[in-house]
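Residue-level structural notes
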Amino acid sequence: MNILETDGERLLVAVRTLLERKGIVSTAEVMERMAITDAASPGQGARMVARAWVDPKYRDLMLEDGAKAAEALGIPMRGMPPLGVLENTAEVHNLVVCTLCSCYPRAVLGYPPFWYKSAAFRARAIRDPRELLASEWKTVVPDTIKLRVVDSTADYRWMVLPMRPPGTDGWDEARLTAIVREGDMIGVTVPAV
Amino acid sequence: MFAAGTPVRVKDAWPEASGPVHIRTPHYVRGVVGEVVRHLGDFPNPEDLAFARPAESRPLYHVRFRKGAIWPEAKPDDELLIEIFEHWLERP
């Protein structure tokens, strides 16, 4: 049998049946993983960011161990790669890229946007990130702020904790969560109100 | 093991020139000197894992590089932060 000529669905069923018969993975485990994958979205990461903005202890936990911080908000991290969180400050702006493939913190941000995997984004992010952010996202990183490009090359996944924007004093967590976008947590944009 | 703050050079090695490999060290940083930020943990060597060979755990570091050390036209103080396995690092 030539695997390249096999109908994909039949192949999937065959592999799943074999995994189950051999006691490697149960149907329940596959269903659980599908549910976790479906639930992962930028809204999960946004909840973490908003909590960090209102709770300094949670912020400390998030910077120390992103996976523990995700789990503290009920986001399932079992079987996922370790999660690192890098904080944007008045001194440094972080931008996440994976130049070798498409490593992305899927557990907390869901599927990557289509451009994240493009050769153009990967090449420009590493070589000329200031021009990339300014021309594609109108995100101008001032010369006084260090730009740190985080190339996600191995076993960790990285997300950015953006700065809380001015004009949000007294906002509750739900309202803050709503202004955090996917791009803010990769570093291509910054939250604004 | 490398302590935080230790200067390190990424080996100027090109094993892909001599056969199939799976390497997590980007081309653009080979031979470049950076500084260890911290030890991230130990992980199975992906160079063996990818070929279903027994893969021993290797220390993984976050290493910082000055952008200007790689590309002369870059803003010199901008930086790159990259995960690199210990067997790719040497004392400069």
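Just so it is clear, the model here is predicted, and its values are computed rather than measured.

This next bit is on the sheet that holds strand β1 (residues 7–10) of chain B. Strand order in the open sheet formed by 7 strands is β2(A)-β3(A)-β4(B)-β3(B)-β2(B)-β1(B)-β5(B), with mixed pairing between adjacent strands. Looking at the sheet topology across the chains shown, the edges are occupied by β2 (92–97) of chain A together with β5 (89–90) of chain B. The sheet contact formed by strand β3 (residues 57–66) of chain B and strand β4 (residues 79–85) of chain B spans 7 bridges and is antiparallel. Bridge pairing links Val63(B) to Ile82(B) in β4(B). In this fold helix α7 (residues 119–127) of chain A packs onto β2 and β3 (146–151) of chain A together with β4 of chain B, with an angle of close to 150 degrees to the strand it touches most, β2(A).

Turning our eyes to something else, we now look at the domain arrangement of chain A. All names here are of chain A. By the assigned domains, chain A splits into domain 1 (3–37) and domain 2 (40–185). If you average the C-alpha positions of domain 1 and of domain 2, the two centres end up 32 Å apart. For the pair domain 1 and domain 2, the two sides together bury roughly 430 Å², of which 42% comes from carbon and sulfur. Of all residues in domain 1, Arg33, Ile36 and Thr37 bury the most surface against domain 2, accounting for 86% of the area lost on that side. Between the two partners, domain 1 and domain 2, sit 1 salt bridge. Here Glu32 and Arg78 are joined by a salt bridge, their closest N and O atoms 3.1 Å apart. In terms of residue class, the side of domain 1 that touches domain 2 is made up of 1 nonpolar, 1 polar and 2 charged.

Let us look at the pattern of salt bridges. Evaluation of the coordinates by the stated rule reveals 18 salt bridges over all chains. Residues Arg127(A) and Glu73(B) are paired through a salt bridge, measuring 3.0 Å at the closest nitrogen-oxygen approach. Of this pair, Arg127(A) sits in helix α7 while Glu73(B) sits in the loop between β3 and β4, placing the two residues on different chains. A residue is classified by how much of its surface remains accessible, and Arg127(A), at 41% relative accessible area, is partly exposed. Because the salt bridges share partners, they merge into one network encompassing Lys146(A), Arg148(A), Glu35(B), Arg64(B) and Glu79(B).

Residue-level contacts link 22 residues of chain B with 25 residues of chain A. Where chain B abuts chain A, roughly 2000 Å² becomes buried across the two surfaces, and 50% of that area is made up of carbon and sulfur atoms. Three residues, Arg24(B), Glu79(B) and Glu83(B), lead the burial of chain B against chain A; their summed loss comes to 29% of the area buried on that side. Counting across the interface, chain B meets chain A through 4 salt bridges. Notably, a salt bridge pairs Asp78(B) with Arg130(A), separated by 2.7 Å at the nearest N-O pair. On the surface where chain B and chain A come into contact, there are 20 residue pairs in polar contact (both at pLDDT 80 or more).

Residue and element names in this part refer to chain A. Those residues of helix α8 (residues 129–137) not exposed but buried are Pro129, Arg130, Leu132 and Leu133. An end-on view of α8 places all buried positions within 165 degrees of arc, on one side of the element. Against the buried residues of α8 lie β2, α7 and β3. Positioned one or two residues after α8, Lys138 has a phi angle of 55 degrees, which is positive.

Going through the model one piece at a time under the given rule, you end up with 10 aromatic pairs over all chains. Relative to Tyr61(B), the ring of Phe2(B) has its centre 5.7 Å away and its plane inclined at 65 degrees; by these criteria the two rings are edge-to-face. You can see Phe2(B) sitting in the segment before β1 and its partner Tyr61(B) sitting in strand β3, a full 59 residues away along the chain. A residue is classified by how much of its surface remains accessible, and Phe2(B), at 13% relative accessible area, is buried. Judged by its relative accessible area of 0%, Tyr61(B) is buried. Ring pairs connect the aromatic residues Tyr104(A), Trp115(A), Tyr116(A), Phe121(A) and Trp137(A), which therefore count as one cluster. One residue, Arg175(A), lies across the ring of Trp171(A), its end atom 3.8 Å from the ring centre. Just above the ring of Trp14(B) sits the side chain of Arg30(B); from NZ or CZ to the centre is 4.6 Å.

Conventions we followed
Along each chain, numbering runs from 1 in the same order as the chain's sequence is written. Written order determines the labels here, with chains lettered from A and ligands numbered from 1. For this predicted model, a pLDDT threshold of at least 70 governs which residues receive local features, and a threshold of 80 or more governs which side-chain atom pairs are given and counted, while totals over whole chains, interfaces and linings are taken from all residues. Calculated side-chain values reflect all of the structure's heavy atoms, with hydrogen atoms and water omitted. Strand pairing is assigned whenever DSSP detects at least two bridges linking the two strands. Each helix corresponds to a stretch of at least 4 residues labelled H or I by DSSP, and each strand to a stretch of at least 2 residues labelled E; elements are numbered beginning at the N terminus. Residue contacts follow a heavy-atom distance rule, with two residues in contact if any of their heavy atoms lie within 4.5 Å. As a rule, the C-alpha atoms of each element are fitted with a line to give its axis, helices using only the stretch in contact, and angles between N-to-C directions run from 0 to 180 degrees. Throughout the structure description, domain borders are defined by an automatic or database domain assignment. Buried area is understood as the total, over both parts, of accessible area removed when two parts are fitted together, assessed with a 1.4 Å probe. We count a salt bridge whenever a side-chain nitrogen from Lys or Arg sits within 4 Å of a carboxyl oxygen from Asp or Glu. Each residue gets one of three labels, nonpolar for Ala, Val, Leu, Ile, Met, Phe, Trp, Tyr, Cys and Pro, charged for Asp, Glu, Lys and Arg, and polar for the others, Gly among them. Only protein chains enter the area calculation, which uses a 1.4 Å probe; residues under 20% of their type maximum are buried, those over 50% are exposed, and those in between are partly exposed. Pairing of N or O atoms within 3.5 Å defines a polar contact, subject to two protein rules: one partner must be a possible hydrogen donor and the other a possible acceptor, and residues neighboring in sequence count only if both atoms are side-chain atoms. As used here, the arc is the angular range of directions from the helix axis to the C-beta atoms. Think of it this way: a Phe, Tyr or Trp ring, Trp meaning its six-membered ring, pairs with another when their centres are within 6.5 Å, and the plane angle makes it stacked under 30 degrees, edge-to-face over 60, tilted otherwise. For a lysine, the NZ atom is tested; for an arginine, the CZ atom; a charge sits over a ring if that atom is within 6 Å of the ring centre and within 35 degrees of the ring normal.

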